[in-house]
Amino acid sequence: MRSASDIRRDVEDELRWDPDIDATDIAVTASNGVVTLAGFVRSFMQKYQAEVDAKRVAGVVAVANDIEIRLPGVDERPDPEIARDAVERIKSDLPFAWDKVRVVLKSGLVTLEGEVEWNYQRERAEAAVRRVRGEKGITNSIVVKPRVAPMEIKRKIEEALRRAAEIDARRVTVETVGSEVILRGTVRSWAERQQAETAA
């Protein structure tokens, strides 16, 4: 296991390396592989990207993202404007499923609701809204309700895992319980874990 000081240093370097983040006001602590990010940034996208960057560092097993968002005055917007932009982004990114997603706003905090057939649609809706100026956070409550039988889903995921170059498919098992898919096993890194989730 890597030392806390090495992990902290590498996370700080990763944050400074990312051109999409102003890491000046972000503090990093690490203990037993758990990284805590504190301080403030000027957009939700920067907060999200800081978490992504920290997860990329070897030895990080969990991230507590306590970064506060302090929007510049020019980015402060009323909820109806943010909601309109969020819906337009979802329409653009999900032209065949946008009408299955509802956007709810409260004080700049976006909640996504609804039902979609595929997990990529759930993730893409969140990714689209993440880029909306003026939002302060996202809760993705979209439910995935596939129309395919669970055993067919299991077979397709196992095939996708075998095709993925970064994953040792023998180390990951796929289970289906009703409409829920569970991946079990051991991977070498957070990136490999995300690759397995993406493949699924």
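First, a word on what this report is: a plain description of the structure on this page. A quick note: this is a predicted structure, and the numbers were derived from the prediction, not measured.

**Focus on helix α4 (residues 119-130)**
Here α4 spans 17 Å end to end across 12 residues, near enough to the 16 Å set by a 1.5 Å rise per residue. Taken together, the buried positions of α4 are Gln121, Ala125, Glu126, Ala128, Val129 and Arg130. Contact partners of the buried residues in α4: α2 (44-55), α3 (79-93), β6 (109-116) and β7 (137-140).

**Structural notes on the side chain of Asn65**
Structurally, Asn65 can be placed in strand β3 (residues 62-65). Classification of Asn65 as buried rests on a relative accessible area of 16%. Looking at Asn65, its side chain comes within polar contact range of the main-chain oxygen of Lys47, at 3.1 Å. Among the polar contacts made by the side chain of Asn65, one reaches the side chain of Glu51 at a distance of 3.2 Å.

**Some points on the environment of Phe96**
Secondary-structure assignment places Phe96 in the loop between α3 and β5 (101-106). On a C-alpha basis, the gap between Phe96 and Ile142 in space is 16 Å, while along the polypeptide they are 46 residues apart.

**Section: the pattern of salt bridges**
According to the stated counting rule, one finds 22 salt bridges in the structure shown. Glu12 is the salt-bridge partner of Arg8, the closest N and O atoms lying 3.3 Å from each other. Residue Arg8 and its partner Glu12 are both found in helix α1 (residues 4-17); the two are separated by four residues, about one turn of the helix. Accessibility expressed as a relative area gives 23% for Glu12, which makes it partly exposed. In this structure, the salt-bridge partner of Asp25 is Arg42, at a minimum N-O distance of 3.9 Å. With Asp25 in the loop between α1 and β1 (26-31) and Arg42 in the loop between β2 (34-41) and α2, this residue pair connects regions lying 17 residues apart in the sequence. Judged by its relative accessible area of 28%, Asp25 is partly exposed.

**As for the packing of aromatic side chains**
Summed over all chains, the structure comprises zero aromatic pairs. It is Lys91 that lies over the ring of Trp98; its NZ or CZ is 4.5 Å from the centre. If you follow Arg130 out to its NZ or CZ, it ends over the ring of Tyr48, 3.6 Å from the centre.

**Digging into helix α6 (residues 190-199)**
Along α6, the residues that are buried comprise Trp190, Glu192 and Ala196. Down the axis of α6, the sector holding all buried residues measures 160 degrees, keeping them to one side. Residues of α6 that are buried in the fold lie against α2, β3, α5 (150-163) and β10 (180-185).

**A word on the nonpolar core**
Core analysis: the biggest nonpolar cluster contains 18 residues, and Ile90, Val103, Val110, Leu112 and Val129 have the highest contact counts within it. At the level of secondary structure, the elements contributing two or more residues to this core comprise α3, β5, β6 and α4. Not counting chain neighbours up to four residues away, the residues in contact with Leu112 comprise Ile90, Val101, Arg102, Val103, Ala125, Glu126, Val129, Ile138, Thr139, Asn140, Ser141 and Ile142. Membership of the second largest hydrophobic core comes to 16 residues, among which are Ile7, Val11, Val28 and Val35.

**So, unusual backbone geometry**
Non-glycine residue Asn32 carries a positive phi angle of around 55 degrees. Looking at the element boundaries, Asn32 is found in the loop between β1 and β2. Under the relative-accessibility criterion, Asn32 is labelled exposed at 64%. Located in the positive-phi region is Ser107, a residue other than glycine, with phi close to 55 degrees. One can find Ser107 in the loop between β5 and β6.

**Regarding the side chain of Asp75**
Structurally, the position occupied by Asp75 is in the loop between β4 (68-69) and α3. You can call Asp75 buried: its relative accessible area is 18%. If near-sequence neighbours (up to four positions away) are discounted, Asp75 is found in contact with Arg42, Arg133 and Gly134.

Rules behind the numbers
Residues numbered from 1 in each chain as written. Predicted model: local features only at pLDDT ≥ 70, side-chain atom pairs only at ≥ 80, totals over all residues. Heavy atoms only, no water. Helix = DSSP H or I, 4+ residues; strand = E, 2+ residues; numbered from the N terminus. Expected span 1.5 Å × (residues − 1). Buried < 20%, exposed > 50% of the residue type's maximum accessible area, 1.4 Å probe, protein only. Contact = heavy atoms within 4.5 Å. Polar contact = N/O pair within 3.5 Å; in protein donor to acceptor, adjacent residues only side chain to side chain. Salt bridge = Lys/Arg side-chain N within 4 Å of Asp/Glu carboxyl O. Phe/Tyr/Trp six-rings, centres within 6.5 Å; stacked < 30°, edge-to-face > 60°. Lys NZ or Arg CZ within 6 Å of the ring centre and 35° of its normal. Arc of directions from axis to C-beta. Core = buried A, V, L, I, M, F, W, Y, C linked by side-chain atoms within 4.5 Å.

Keep in mind these numbers describe shape, not what the thing actually does.
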